[in-house]
Amino acid sequence: MPSRKFADGEVVMGRWPGSVLYYEVQVTNYDDVSHLYTVKYKDGTELALKESDIRSQSSFKHRKSQSSSSSPSRRSTSRSRSRSPGRPGKGRRRSSSQSREHRDDKKKVIQETSLDLLKPSENNTRRYNGEPDSTERNDTSRVISEQKLKPDLQIERVIEQYSLRPRKEEKKKEEVYSEKKVFETIKTIEKASSKTKDLEFGGRIGTFTLIFFLPAAVFYLLLMCKQDDPSLMNFPPPLPPLESLWEARVFGVFLLWFFLQALFYLLPVGKVVEGLPLSNGRKLHYRINGFYAFVLTAAVIGTLLYFQFELHYLYDHFMQFAVSAAAFSMVLSIYLYIRSLKAPQEELAPGGNSGYFIYDFFTGHELNPRIGSFDLKYFCELRPGLIGWVVINLAMLLAEMKIHNQSTPSLSMILVNSFQLLYVVDALWNEEAVLTTMDITHDGFGFMLAFGDLVWVPFVYSLQAFYLVGHPTAISWPVAAAITILNCIGYYIFRSANSQKNNFRRNPGDPKLAYLKFIPTATGKGLLVTGWWGFVRHPNYLGDIIMALAWSLPCGFNHILPYFYVIYFICLLVHREARDEHHCKQKYGLAWERYCQRVPYRIFPYIY
């Protein structure tokens, strides 16, 4: 296998595809299989080039200066011009009449040559004042008929050589044709280079499996929580009749909830902000009113409770709501994929454009699907699922009080509800920060996010509250205080780390961030090496895991089921961390390697 010639981060001269022009580029990656270099131009364009299309700056400058100073073509042209009979030599002059006579003779020769090859039109004879007589017409017809027997390529070469059209017009047409060819070549290369090459989640087979495994995992967890002994040894749990899993009324309530949140999303309240630039430089606008939607939802729920609405209806039909949400997410995913087939190339997701149906369906083919100004992905990211999570927790609290005849909820249930309510309110209050996450900037909107936002978040994240309804756990106040402190530590790390990152991305020159040090990159962005991001590479993930542990501890240690969320969260964040590492290495090159040397630990300090 040949060794690579240019290193990552090296500044070289790269040939622009379809042309002979070289521009300054930076090497960002090298593919050992295809032997192609990924290079980044100064305008941010990334292309894959062969090694033969890349030169070092020193050799390129040397060749350029040598060719400009001693070009053989220039010397031969100079010699031919000095000997041209049309140019007067030194010490020798022609009279004006001789010169005019010479030009007329030359024009006549060219005209006669052209008439032998081309059938003159009326416009041509008027333009060049060379109308032939009848004898010349016959000769011309005979020559043209003979020329028809010659190969087309030879005729075109002769016609081009003796063409009477002005050279400026010829040159202009050549330039237009050349630009057109280069443009088409670039479009072809960009279309090919925009294809997703690195497939995640096990590729096509893995994503096909996950489409069935994820709904099955949700139903398994919910069925286990309903058992008297939710031990993992009791597998499989008894399955309910299939007809009991579906009820039209429950599906109608779910649709009502979804469209109520959509109505709140469309309200003209809250500020409108710009997202990060897309690949084509365009910035989408987003209305930040998630917290207002939460307040309005709380008012609606409070009104329902005031009129004696039984909110624990959610607990009694929890499996049916999960099935309704899963069915709706599947229909939504099919719609999203069908509409993505008509989306322009620049609107497709970088991670969901593989060309494989199953993979693109799962990861999301279109980056930001919108119906007018209604952004489907951004809406589902925070509204129906996240706010629904809080409503489900409240329903579980009320169900616990009713089933166990309690006047007040248990301390464990209060802790779970309070911790998770803080998490949701924080996300909605800092809604603008979600615009810089990979879910918005990189991932498409397909089955993965649709199912995750509408099913996994509300029905799996509420697992601890659902578990406590059927398996109450008593904890003492000192234990509750210790768990509360643990959750506050995790929340502080999570929030302060995310705020540092978001503020630095939005405005690196903010005087309030002057104390932060960073490594500059070729993209113009910086990698923080102080603060939380100088402690570990993903401090926000560390805060997430600590909070997840605090949410599970109130459930006690009788069963491992409430800790599924912690195990899942660790696996999810490790996967995300690996994906972030790969993405950042491709994006930042040598700067990311320097950052990794400066910050060696990924999530857990001194461990991982």
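Residues numbered from 1 in each chain as written. Predicted model: local features only at pLDDT ≥ 70, side-chain atom pairs only at ≥ 80, totals over all residues. Heavy atoms only, no water.

Q: How do you make sense of the overall build of the protein when you look at a structure like this?
A: Of regular secondary structure, the protein possesses 23 helices and eleven strands. In the protein, which comprises 608 residues, the share counted as buried stands at 44%. Considering only residue pairs separated by 6 or more positions, the protein has 71% of its internal contacts joining residues 24 or more positions apart. (Helix = DSSP H or I, 4+ residues; strand = E, 2+ residues; numbered from the N terminus. Buried < 20%, exposed > 50% of the residue type's maximum accessible area, 1.4 Å probe, protein only. Contact = heavy atoms within 4.5 Å.)

Q: What is the right way to read the side chain of Arg495 from this model?
A: Within the secondary structure, Arg495 sits in helix α20 (residues 477-506). Accessibility expressed as a relative area gives 14% for Arg495, which makes it buried. Filtering out sequence-adjacent residues up to four positions away, Arg495 remains in contact with Asp426 and Asn430.

Q: So what exactly am I meant to see when it comes to the nonpolar core here?
A: In summary, soluble globular proteins display a tendency toward joint burial of nonpolar side chains. Counting residues in each nonpolar core, the largest one holds 130 residues, and the members touching the most others are Met396, Trp456 and Phe459. Here this core spans two domains, since at least three of its residues come from each of domain 2 (202-474) and domain 3 (476-607). Discounting residues that sit within four places of it in the chain, Met396 has contacts with Tyr315, Phe318, Met413, Ala465, Phe466 and Val469. (Core = buried A, V, L, I, M, F, W, Y, C linked by side-chain atoms within 4.5 Å. Domains from an automatic or database assignment.)

Q: So what exactly am I meant to see when it comes to the packing of helix α8 (residues 203-225) against helix α19 (residues 463-470) here?
A: Packed helices, taken two at a time, are described by the angle between their axes plus the distance between the axes. Where α8 meets α19, the axes come as close as 9 Å, and the angle between the chain directions of the two elements is 25°. For the element pair α8 / α19, the angle class is roughly parallel. Of α19, the residues touching α8 (which contributes Leu221, Leu222 and Cys225) are Leu463, Phe466 and Tyr467. Grouping the constituent residues of the contact of α8 with α19 by class yields six nonpolar, no polar and no charged. (Axes fitted to C-alpha atoms, helices over the stretch in contact; angles between N-to-C directions. Parallel < 35°, antiparallel > 145°, perpendicular 65-115°, else oblique. Nonpolar A, V, L, I, M, F, W, Y, C, P; charged D, E, K, R; others polar.)

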